[in-house]
Amino acid sequence: MNAKLTGYRRKELAWLYLFVAPPVLGFLLFGLAPIVFSIYISFQKWDMLTEPQWVGLGNYNDILNDGKVFISMYNTVYLMIGIPIGMLLSLLLAILMNRKFKGISFMRTIYYLPVISPIIAISLLWQWILNQDYGLLNNYLWDVFGIQGPNWLGDPNWVKPSLILIGLWGGLGANMVLYLAGLQSVSSTYYEAAEIDGAGAWHKFSKITVPLLSPIHFFILVMGVIGAFQTFSQIYVLATDGGPEYSGATIVFYIFQHAFKYFNMGYASAAAWLLGVMIFIITLLQFKLSKRWVYQD
């Protein structure tokens with residue numbers, strides 16, 4: 001009996017390992033192995049064609065002495081201005097969508113469509129909208145207000161605001177869904193008690209809605225910062241070669257250029273690891289500070 005049980009258990013474990021093997025092997029081959037190799041190659045000078053040459057900390061030193069790194073990092077941080085703006089607009093939109101009226105499902109779908117639309121297609125659409133000569137936005141400004149619109153994607157002063165606008169339009173739907181779920185989970189008894197005490201709409205919003213949604217604020221903030229550091233696709237499509245005077249380049253675009261334009265893979269790997277460490281530290285700091293303002297029910 002024990003022998004049969006042992007044999008059955010062995011067969012069961014064999015099937016278990018068989019089902020687990022594909023994702024584990026996939027992670028080892030396409031996840032862990034490239035990560036380990038990127039650490040090794042970050043200390044090398046390698047163009048992917050010739051033999052790697054050991055340079056030690058040379059790549060890291062060159063990065064810290066390259067002015068474009070700081071320009072791209074400034075651009076990346078600048079784009080984060082859109083995070084709090086997007087959070088506020090998404091919350092207000094969720095409050096509007098948290099109502100029961102005919103066609104509400106259709107309205108929610110319309111606002112969520114940009115989230116599931118291909119990002120390259122969306123970028124090309126905005127490239128047309130923001131065109132200086134025949135773009136919809138400049139034509140509208142001229143026809144309605146008589147204002148000559150700027151060169152949105154060709155002027156160093158307007159590239160980053162344009163990218164923030166595009167990011168806001170594309171991200172409102174996803175954050176709206178999160179806030180909508182949070183609003184629907186808030187008990188109505190809080191608002192009923194506040195109304196009995198004579199609280200108005202603003203007090204209910206600021207003292208009940210906003211604090212009780214703090215876990216969602218925190219999640220959107222953390223993911224927004226990480227996403228901002230990883231911004232690439234829009235820059236690649238809209239800001240040719242990083243935009244005028246490198247005003248639209250982000251840190252990931254900078255890494256991409258060195259990896260696949262200049263074929264300096266060791267340098268790009270070193271920059272990627274510096275970025276990874278930076279994101280980890282900022283995220284850890286956000287978690288530490290969250291204890292002061294995130295409401296735990």
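Residues numbered from 1 in each chain as written. Predicted model: local features only at pLDDT ≥ 70, side-chain atom pairs only at ≥ 80, totals over all residues. Heavy atoms only, no water.

A.B. asks: Would you mind going over helix α3 (residues 67-79) in detail, with residue names and values included?
C.D. replies: The end-to-end C-alpha separation of α3 is 19 Å, in line with the 18 Å expected for 13 residues at 1.5 Å each. Along α3, the residues classified as buried are Val 69, Ser 72, Met 73, Asn 75, Thr 76 and Leu 79. One side of α3 holds all its buried residues, which, seen down the axis, span an arc of 160 degrees. In the core, the buried residues of α3 are packed alongside α2 (58-64), α4 (82-97), α8 (159-185), α11 (214-229), α13 (251-260) and α14 (265-290). Backbone nitrogen of Lys 68 and a side-chain oxygen of the N-cap are separated by 3.1 Å at the start of α3; the cap is Asp 66. (Helix = DSSP H or I, 4+ residues; strand = E, 2+ residues; numbered from the N terminus. Expected span 1.5 Å × (residues − 1). Buried < 20%, exposed > 50% of the residue type's maximum accessible area, 1.4 Å probe, protein only. Arc of directions from axis to C-beta. Contact = heavy atoms within 4.5 Å. Polar contact = N/O pair within 3.5 Å; in protein donor to acceptor, adjacent residues only side chain to side chain.)

A.B. asks: Give me the lowdown on the packing of aromatic side chains, citing residues and values where you can.
C.D. replies: Using the criterion set out here, one finds 19 aromatic pairs in the structure. Consider the rings of Trp 202 and Phe 205, whose centres lie 5.8 Å apart with planes at 35 degrees: the pair is tilted. Here Trp 202 pairs with Phe 205, and both are found in helix α10 (residues 201-212), just three residues apart, close to one helical turn. A relative accessible area of 59% means that Trp 202 is categorised as exposed. On the basis of relative accessible area, Phe 205 is assigned to the buried category, the value being 18%. When the ring of Phe 253 is compared with that of Phe 256, the centres are 6.5 Å apart and the planes differ by 35 degrees; the resulting orientation is tilted. Highlighted residues: Phe 253 and Phe 256, both in helix α13, separated by three residues, approximately one helical turn. Three or more aromatic residues link up through ring pairs in this structure, and these residues are Phe 232, Tyr 236, Phe 253, Phe 256 and Phe 260. Over the ring of Tyr 246 we find Lys 68, and its NZ or CZ is 4.7 Å from the ring centre. (Phe/Tyr/Trp six-rings, centres within 6.5 Å; stacked < 30°, edge-to-face > 60°. Lys NZ or Arg CZ within 6 Å of the ring centre and 35° of its normal.)

A.B. asks: I'd love a proper account of the nonpolar core, names of residues and values included.
C.D. replies: Core analysis: the largest hydrophobic core is formed by 60 residues, its most contacted members being Tyr 179, Phe 229, Ile 251 and Leu 275. Setting aside chain neighbours within four positions, we find Phe 229 in contact with Met 73, Thr 76, Met 80, Ile 251, Val 252, Leu 275, Met 278, Ile 279 and Ile 282. (Core = buried A, V, L, I, M, F, W, Y, C linked by side-chain atoms within 4.5 Å.)

A.B. asks: Provide a residue-level description of the pattern of salt bridges, including the pertinent values.
C.D. replies: This model, assessed by the stated rule, comprises two salt bridges. Glu 195 is the partner of Lys 204 in a salt bridge, and the nearest nitrogen-oxygen pair spans 2.9 Å. Using a relative accessible area of 17% as the deciding quantity, one classes Lys 204 as buried. Residue Asp 241 is joined to Lys 261 by a salt bridge in which the shortest nitrogen-to-oxygen separation is 2.9 Å. Of this pair, Asp 241 sits in the loop between α12 (233-238) and α13 while Lys 261 is found in the loop between α13 and α14, placing the two residues 20 residues apart along the sequence. (Salt bridge = Lys/Arg side-chain N within 4 Å of Asp/Glu carboxyl O.)

A.B. asks: Break down the environment of Gln 286 for me, citing the residues and quoting the values.
C.D. replies: The residue Gln 286 is located in helix α14 in this model. Judged by relative accessible area, Gln 286 falls into the buried class, the value being 14%. Spatially, the C-alpha atom of Gln 286 lies 8.8 Å from that of Leu 221, the residues being 65 residues apart in sequence. With residues near it in sequence (within four places) discarded, Gln 286 still touches Phe 218, Leu 221, Val 222 and Val 225.

A.B. asks: Please provide a residue-by-residue account of the packing of α8 against α11, values included.
C.D. replies: Across the interface, α8 lies against α11 with an axial gap of 10 Å and an inter-helix angle of 165 degrees. With respect to α11, the element α8 is oriented roughly antiparallel. Note that α8 runs across α11; the crossing there is right-handed. Contacts from Asn 175, Leu 178, Tyr 179 and Gly 182 in α8 reach Ile 216, His 217, Phe 219 and Ile 220 in α11. Looking at the contact of α8 with α11, its residues break down into five nonpolar, three polar and no charged. (Axes fitted to C-alpha atoms, helices over the stretch in contact; angles between N-to-C directions. Parallel < 35°, antiparallel > 145°, perpendicular 65-115°, else oblique. Left-handed = near helix turned anticlockwise from the far one by under 90°. Nonpolar A, V, L, I, M, F, W, Y, C, P; charged D, E, K, R; others polar.)

A.B. asks: Summarise the side chain of Gln 257; cite the residues concerned and give the values.
C.D. replies: Looking at where Gln 257 falls in the secondary structure, it is placed in helix α13. Within the structure, Gln 257 has its side chain in polar contact with the side chain of Tyr 246 (distance 2.8 Å). Those residues within four positions of Gln 257 in sequence are excluded, and the remaining contacts are Asp 241, Tyr 246 and Tyr 262.

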